[in-house]
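Each chain, written out:
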Amino acid sequence: MKNRPNILFLMCDQLQGDVLKEDSPCITPNFDALKLRGMTFEKAYTPNAVCSPARASLMTGLLPHNHGVLCVTHNVDNDQSVIRDNKPHWAQYLVKNGYHTGYFGKWHVERSCDLEKYGWQINGGIDTQLYKNKKAEICGNKDDSQDYSIVKYHEYPLGYDNKQIFYGVTEVESDKRSMGITTSLALDFLDQVSGSNKPWCCFASIKEPHDPFVCGNDAFNKYNVNDVELPDNIYDKLEGRPNIYKKAARVFEHYTEEDHKLARVCYYASVTEIDKQYGRLINKVKEKGEIDNTIIVLTTDHGELLGAHGLYCKNIGAYEEVYNIPLIMAGPNIEEGIKTNARVGLHDLAQTLLELSGINTLDVPDSTSFASVCKEYKYHEENFHMGFAEYYGGRIWLTQRIVWGGAWKYVFNGFDFDELYNLDDDPYELNNLIDKKEYKYKVRELCTYMWNMIHKTEDHSLYKSHYPILRVAPYGPKITDEYKPLDDVNG
C-alpha cells in the first residue's frame, strides 16, 4: 500500500498567467475542472524570464546565480549554462524515497540531457530514442511543419531572417504533433506504474504555446477573431521606461489590429489543445483509480507578452505578462476550489512537492515550501506576499532584479533607469513611478528586501558591487544595516 502521493506534473512553455484566469476567453474545460478540485495561485511568478534558467530553478529550488544556468542552453558555449555539480534535484529525493519517475517531452534544463542523472528513471526527452520511436509510431515519416492554412511571417529589419513564422493554423491534429507525442509517452508510463505499491511521478513537458503560435484547425474554429479583445497596454508608447524596451517594440510596430487578434486566437487555440492533451492524462489517472492519491500540478516556465506594451515573446521587459505564471495544484492535502493571492515562485515548487510527499525538503536558502498554504491557505496566505526574481538576459546580456511586495513591484535595471509600479492601481504597468518623490520610501523598502535576498543567497557579483562606477542602484547593500527591512517572508 502506498504511503506517499503520486505526482502528475503538467508543464507548458511560455504560458501567460492571464490566459487561465476566470475572465479569460480561452477555452480550457479540463483546467477549469482542475481548479474546482484544487487551488489556483493567482500571483505565482517565475524566478527568471527565460526557459532554461527557470526550469533549472524548478528542478533545484535555487535561483539562477546559484545553479549556474543563466541563459538558454543552446545559445552559449559548452561550458556555460551548465548546472553546477552537487546541486540538489527534487526528483533525486523522490527516487530515494521509493518513487517511480518518468520525464517526457521538452527538457531544456541543462545541456547534457542526461535526465537519469537528475533523478528521472525513464527519460522520454525529445532527443531520446524513446521519443523518436513514439513519434514514428504516431506520425510515420510525415513532416508536420508544412501543413498550414493560415500563416503570418515575422517581418524583420533588413539583414534578419524574414521567414520565421509568427502564427499559423495547421491541418495536423494535436495528437500527431509534439504535444500529442509527449502525452502519449506519459500515458504509456501511467499504464506501467499505476496500480503498483510504489508511488510515481510523471512529468509531461510540452513546448507549446511557445512562439510561433501554431494551432490546429478544430481549435482555431472555436474562436471568433472579430470578438477578441486586445489589452489596454497593447499600444503603449513606453514613455518613462528603459530605452531597450522601445528598441524591441520596433520589431512589432507594423503589426495591424488583425495581426494582434489572429496571433491571440492562435495562442488561445494552442492552449485549448494543451487542455485536451493534458485532459487525457488526468482522465487516465481517474481510470486507474488513483486520482484521490495524486497531486496534479499545472504550470509553465514563464509567460508570454502576447502584444502587451507592443511586445511579444519575453526577454525584453520585466512585465507581469512574462513573470506572472499560471499555477494550479490539486490532490491530497490541497484545499479545493480556492483562489489564493499567496505570492509563490516556480522555484518554491520543489520544496512544496517534497513536503506534501512527506519527504525532507532541500537545504537551500533560495526557496521555501508553501505546503502550509495548500493545506490551510486562510491561515498562511498573508505570510507569502513577497517575491524575488533575477534576469541576466538571453543572447543580449542584461541585469535585472525584480521585487514584489504586496501591491508594489520594483525593477532594478542595471542597464538603464529602474521601474516602480503599483499593480493594484496600475495592473497594465503603464505608469512608472520611480521618479516620484512621494514613493521614495517604497523604493527604499523594496531595495532593502532586494539586498537582503542577494546577501542571503550569496549573489556575490551584485552584493560586492562596491566599485565606484557600478554603484547604480538607488540604495546600496549597506542599507540593510541602517534601515529596517521588510519581514523576511517566503523563506
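Residues numbered from 1 in each chain as written. Predicted model: local features only at pLDDT ≥ 70, side-chain atom pairs only at ≥ 80, totals over all residues. Heavy atoms only, no water.

Concerning the sheet that holds strand E14 (residues 408-413)
The strands making up a sheet are joined through hydrogen bonds of the backbone, oriented either antiparallel or parallel.
Thought 1: What the four strands build is an open sheet, ordered E12-E13-E14-E15; its pairing is antiparallel. Lying at the two open borders of the sheet, with one neighbouring strand each, are strand E12 (386-394) and strand E15 (419-422). The average angle at which neighbouring strand axes cross in this sheet is 15 degrees, direction not considered.
Thought 2: As paired strands, strand E13 (residues 396-405) and E14 are joined by six bridges and run antiparallel to one another. Within the sheet, the bridge partner assigned to Gly405 lies in E14 and is Trp408.
Thought 3: In the packing of helix H14 (residues 440-456) onto the sheet, contacts are made with E12, E13, E14 and E15, and the angle to E14 comes to roughly 65 degrees. (Pairing = 2+ DSSP bridges. Helix = DSSP H or I, 4+ residues; strand = E, 2+ residues; numbered from the N terminus. Axes fitted to C-alpha atoms, helices over the stretch in contact; angles between N-to-C directions. Contact = heavy atoms within 4.5 Å.)

Things to note about the pairing of E12
On a regular strand, each side chain points to the face opposite its neighbour's, so the side chains alternate between the two faces of the sheet.
Thought 1: Counting buried positions along E12 gives nine out of nine residues, so the element sits mostly inside the fold.
Thought 2: In textbook terms, the turn of a hairpin is the stretch between consecutive antiparallel strands, and for E12 and E13 this stretch comprises one residue, one of which, Arg395, has a positive phi near 75 degrees. (Buried < 20%, exposed > 50% of the residue type's maximum accessible area, 1.4 Å probe, protein only.)

Remarks on the confidence of the model for the protein
Thought 1: Mean pLDDT over the protein works out to 93, with 96% of the residues at or above the 70 mark.
Thought 2: In the model, residues 485-491 has pLDDT below 50 throughout and makes 23 contacts with residues more than four positions away in sequence or in other chains. (pLDDT = per-residue confidence, 0-100.)

With respect to the pattern of salt bridges
Thought 1: Tallied over the entire structure, the rule returns 17 salt bridges.
Thought 2: One salt bridge connects Asp13 with Arg55, and the closest N-O pair in it is separated by 3.4 Å. You can see Asp13 sitting in the loop between strand E1 (6-12) and helix H1 (29-37) and its partner Arg55 sitting in helix H2 (residues 51-60), a full 42 residues away along the chain. The same class applies to Asp13 and to Arg55, which are both buried.
Thought 3: Its salt-bridge partner being Glu429, residue Lys409 comes within 2.8 Å of it at the nearest N-O pair. (Salt bridge = Lys/Arg side-chain N within 4 Å of Asp/Glu carboxyl O.)

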